[in-house]
Amino acid sequence: MKKWIPLNKPYQSGNELKYIQEAIASGTISGNGIFTKKCQRYFEKRYGFKKCLLTTSCTDALEMAAILLDIRQGDEVIVPSYTFVSSANAFVLRGARIVFADSRSDHPNLDVEHIKKLITSKTKAIVVVHYAGVACAMDEIMALAEEHGIYVVEDAAQAIDSYYKGKPLGGIGHLAAFSFHETKNIISGEGGMLVINDEQFKERSEIIWEKGTNRSAFYRGEVDKYGWVDIGSSFLPSDMIAAYLYAQLEQLDDIQKRRLAIWNMYNDRLKDLFSDQKFRLPKIHKEATNNAHMYYLLCDSIGQRERLIKYLKDKNIHAVFHYLSLHESSYYTKNYSDDELVNSAYFTNCLLRLPLYYEITEQEVNEVCDAIAGFSFS
Ligand SMILES: *Cc1c(COP(=O)(O)O)cnc(C)c1O
């Protein structure tokens with residue numbers, strides 16, 4: 001019996017336990033400790049992000065973004081339908097009405113032409129999701145936002161170390177959110193980060209992060225006592241989480257190199273196998289880079305995909321579909337509308353993710369490709 005090939009396997013890069021021990025030995029393991037600061041500084045230095053705050057998840061970072069943008073009842077927020085539920089939920093929690101935009105026909109990323117049709121005088125923000133770490137059309141989106149006085153939040157959960165026309169993703173919108181969930185490239189189990197690119201949000205972001213208090217300013221000696229000054233919540237991760245994350249960040253180049261090599265192994269083999277376009281392979285637009293977050297196939301129909309999933313499972317290979325269009329979710333249709341978004345529906349039905357993780361071997365990638373080659377698509 002062949003070994004089970006999972007979709008994902010969390011990778012330990014080496015120093016995780018050592019740094020957790022160091023955090024414990026330091027005597028402070030609550031939030032905003034030594035490793036939290038090291039991680040934040042790493043991102044600020046490497047990518048030039050103005051200000052970074054670690055959070056317990058990307059979901060939390062998005063919730064912070066919604067508070068910072070002062071989203072309230074009556075505001076509209078444009079979100080892709082083909083995304084994780086948190087991209088929308090964070091704004092629903094503040095009372096926003098979500099307006100779902102469709103994907104491009106060739107990629108799950110937002111269709112800019114559709115966004116243009118959805119903007120109204122109530123639109124307060126656009127949430128862009130860089131699907132599979134591939135950049136959305138940021139020049140067009142930022143220009144639209146500027147023209148209409150709208151904020152842009154990058155859901156960069158999948159987009160670490162990826163670029164758009166040479167600019168790092170997460171550094172383009174007014175705010176951005178990253179995830180270090182175990183399914184992403186760089187992980188800490190659960191974990192996330194808010195990036196503040198627009199200066200006007202810098203001061204308030206720390207307050208919201210620290211439960212609505214000005215504790216950060218107090219520790220810097222800027223105020224002589226700290227208290228309740230705004231709304232907020234407990235968004236800081238423990239420093240032990242940051243210690244784990246820092247060990248991963250030290251190995252970022254190695255992790256990215258390995259993932260890209262695996263991605264290219266898939267692409268080289270499947271490109272040759274399926275030059276007759278029986279199904280389609282992932283697209284990387286020319287202004288975007290590939291951070292090898294994900295390798296996927298696009299089947300012809302949900303039925304074909306179901307057959308392929310079962311066929312691969314019988315060969316001990318775990319291939320998994322991805323998002324269910326949020327505009328068709330029971331929560332949304334019950335409260336709002338039942339619009340049709342054809343491209344989002346297409347990716348919901350046809351996209352299939354293949355195993356991709358640091359420790360997958362070349363032989364295992366070949367096994368997956370051999371299996372796909374043997375599948376009858378008709
Ligand atoms: C993973 C993911 C999230 C959620 O990240 P958490 O850290 O689990 O909250 C949000 N949006 C997108 C696009 C994701 O891929």
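Our structure is the block above this text.
An account of the accompanying structure is given in this report. Predicted, not measured: the structure shown is a model, and the values here were computed from it. (Residues numbered from 1 in each chain as written. Predicted model: local features only at pLDDT ≥ 70, side-chain atom pairs only at ≥ 80, totals over all residues. Heavy atoms only, no water.)

## Description of the overall build of the chain
Right, so step 1: Within the chain, the regular secondary structure consists of 14 helices and eleven strands.
Right, so step 2: For the chain, the C-alpha atoms occupy an extent of roughly 70 × 55 × 35 Å along the three principal directions.
Right, so step 3: Here the chain, with 378 residues, has 56% of them falling under the buried criterion.
Right, so step 4: Put simply, of all contacts in the chain between residues at least 6 apart along the chain, 71% involve residues at least 24 apart.
Right, so step 5: In the structure as shown, the chain presents an accessible area of about 16,500 Å², 50% of it carried by carbon and sulfur atoms.
Right, so step 6: Computed over 44 positive and 49 negative side-chain charges, the separation of the two mean positions in the chain equals 2 Å. (Helix = DSSP H or I, 4+ residues; strand = E, 2+ residues; numbered from the N terminus. Buried < 20%, exposed > 50% of the residue type's maximum accessible area, 1.4 Å probe, protein only. Contact = heavy atoms within 4.5 Å. Areas by Shrake-Rupley, 256 points an atom, 1.4 Å probe, with all protein chains shown as cover. Lys, Arg positive; Asp, Glu negative; His and termini not counted. Charge placed at Lys NZ, Arg CZ, Asp CG, Glu CD.)

## Let's talk about the environment of cysteine 39
Right, so step 1: Mapping cysteine 39 onto the fold places it in helix H2 (residues 34-47).
Right, so step 2: Judged by its relative accessible area of 0%, cysteine 39 is buried.
Right, so step 3: For the pair cysteine 39 and asparagine 264, spaced 225 residues apart in sequence, the C-alpha separation works out to 29 Å.
Right, so step 4: Discounting residues that sit within four places of it in the chain, cysteine 39 has contacts with Leu54, Ala242, Leu245, Tyr246 and Leu249.

## Focus on the nonpolar core
Within soluble globular proteins, side chains that are nonpolar generally end up buried alongside one another.
Right, so step 1: Counting 57 residues, the largest nonpolar core has Phe43, Ile115, Phe180 and Met193 as its most contacted members.
Right, so step 2: Take this core: its biggest share by element is seven residues, from helix H9 (residues 239-250).
Right, so step 3: Discounting chain neighbours no more than four positions away, the residues touching phenylalanine 180 are Phe43, Leu54, Ile160, Ile186, Ile187, Ser188, Gly189, Glu190, Gly191, Gly192, Met193 and Leu245.
Right, so step 4: Ala96, Ile98, Ile196 and Phe201 belong to the second-largest nonpolar core, a separate cluster that totals 36 residues. (Core = buried A, V, L, I, M, F, W, Y, C linked by side-chain atoms within 4.5 Å.)

## Re the site of the ligand
Right, so step 1: Around the ligand sit 14 residues, and of these Thr59, Asp155, Gln158, Ser179 and Lys184 come closest.
Right, so step 2: Among the residues forming the shell around the ligand, the class breakdown is five nonpolar, seven polar and two charged. (Near = heavy atom within 4 Å. Nonpolar A, V, L, I, M, F, W, Y, C, P; charged D, E, K, R; others polar.)

## Some thoughts on the environment of lysine 50
Right, so step 1: Of note, lysine 50 is situated in the loop between H2 and strand S1 (51-55).
Right, so step 2: Judged by relative accessible area, lysine 50 falls into the partly exposed class, the value being 45%.
Right, so step 3: Once the C-alpha coordinates of lysine 50 and glutamate 199 are considered, the two residues, 149 residues apart in sequence, prove to be 7.9 Å apart.
Right, so step 4: Setting aside chain neighbours within four positions, we find lysine 50 in contact with Glu44, Ile196, Asn197, Glu199 and Lys202.

## Brief notes about the pattern of salt bridges
Right, so step 1: One pass over the structure, following the stated rule, counts 21 salt bridges.
Right, so step 2: One salt bridge connects aspartate 75 with lysine 124, and the closest N-O pair in it is separated by 3.5 Å. Separated by 49 residues along the polypeptide, aspartate 75 in the loop between helix H3 (58-68) and strand S2 (76-80) and lysine 124 in strand S4 (residues 123-129) bring together distant segments of the chain.
Right, so step 3: Accessibility expressed as a relative area gives 12% for aspartate 75, which makes it buried.
Right, so step 4: Here the residues in one salt-bridge network are Lys51, Glu206, Arg220 and Glu222, joined through shared partners. (Salt bridge = Lys/Arg side-chain N within 4 Å of Asp/Glu carboxyl O.)

## Section: the pairing of strand S8 (residues 175-179)
Right, so step 1: Counting buried residues along S8, five of its five residues qualify, which places the element largely inside the surrounding structure.
Right, so step 2: The two faces of S8 match: Leu175, Ala177 and Ser179 on one face and Ala176 and Phe178 on the other face are all buried.
Right, so step 3: Where strand S5 (residues 151-155) meets S8, three bridges bridge the pair, whose relative direction is parallel. Across the sheet, aspartate 155 pairs through a bridge with alanine 177, a residue of S8. (Pairing = 2+ DSSP bridges.)

## With respect to the side chain of arginine 353
Right, so step 1: On the secondary structure map, arginine 353 appears in strand S11 (residues 351-353).
Right, so step 2: An unpaired buried charge is present at arginine 353: no salt bridge exists, and glutamate 182, the closest side chain of opposite charge, is 11 Å distant.
Right, so step 3: Of the polar contacts made by the side chain of arginine 353, one reaches the backbone oxygen of phenylalanine 321; its length is 2.9 Å.
Right, so step 4: Sequence-distant contacts of arginine 353, defined by excluding residues within four places in its chain, comprise Leu7, Met294, Tyr295, Tyr296, Ala319, Val320, Phe321 and His322. (Polar contact = N/O pair within 3.5 Å; in protein donor to acceptor, adjacent residues only side chain to side chain.)

## Comments concerning the sheet that holds S5
Think of a sheet as strands paired side by side through backbone hydrogen bonds, with each pair either parallel or antiparallel.
Right, so step 1: Pairing in this open sheet of seven strands is mixed, and the strands run S1-S9-S8-S5-S4-S2-S3 from one edge to the other. Unpaired on one side and paired on the other, S1 and strand S3 (97-101) mark the two borders of the sheet. Along the sheet, successive strands turn relative to each other by an average axial angle of 20°, direction set aside.
Right, so step 2: Contacting S1, S5, S8 and strand S9 (192-196), H3 runs over the sheet at an angle of about 165° to S8. (Axes fitted to C-alpha atoms, helices over the stretch in contact; angles between N-to-C directions.)

## Quick word on the packing of helix H1 (residues 16-25) against H9
Between two packed helices, what matters for the description is the angle formed by their axes and the separation of those axes.
Right, so step 1: Contact geometry for H1 and H9: axes closest at 8 Å, N-to-C directions at 140°. Along this stretch, H1 crosses H9, giving a crossing that reads as right-handed. Contact residues: H1 offers Glu16, Tyr19, Ile20, Ala23 and Ile24, while H9 offers Asp239, Met240, Ala243, Tyr244, Tyr246, Ala247, Gln248 and Glu250.
Right, so step 2: Each residue belonging to the contact of H1 with H9 can be placed in one class, and the counts come to nine nonpolar, one polar and three charged. (Left-handed = near helix turned anticlockwise from the far one by under 90°.)

## Brief notes about unusual backbone geometry
Right, so step 1: We note that asparagine 32 has phi near 60°; this positive angle belongs to a residue other than glycine.
Right, so step 2: Counting through the fold element by element, asparagine 32 comes out in the loop between H1 and H2.
Right, so step 3: Here the phi dihedral of asparagine 316 falls at roughly 65°; this positive angle occurs in a residue that is not glycine.
Right, so step 4: Tracing the chain through its elements places asparagine 316 in the loop between helix H11 (302-314) and helix H12 (330-335).
Right, so step 5: For asparagine 316, a relative accessible area of 12% translates into the label buried.

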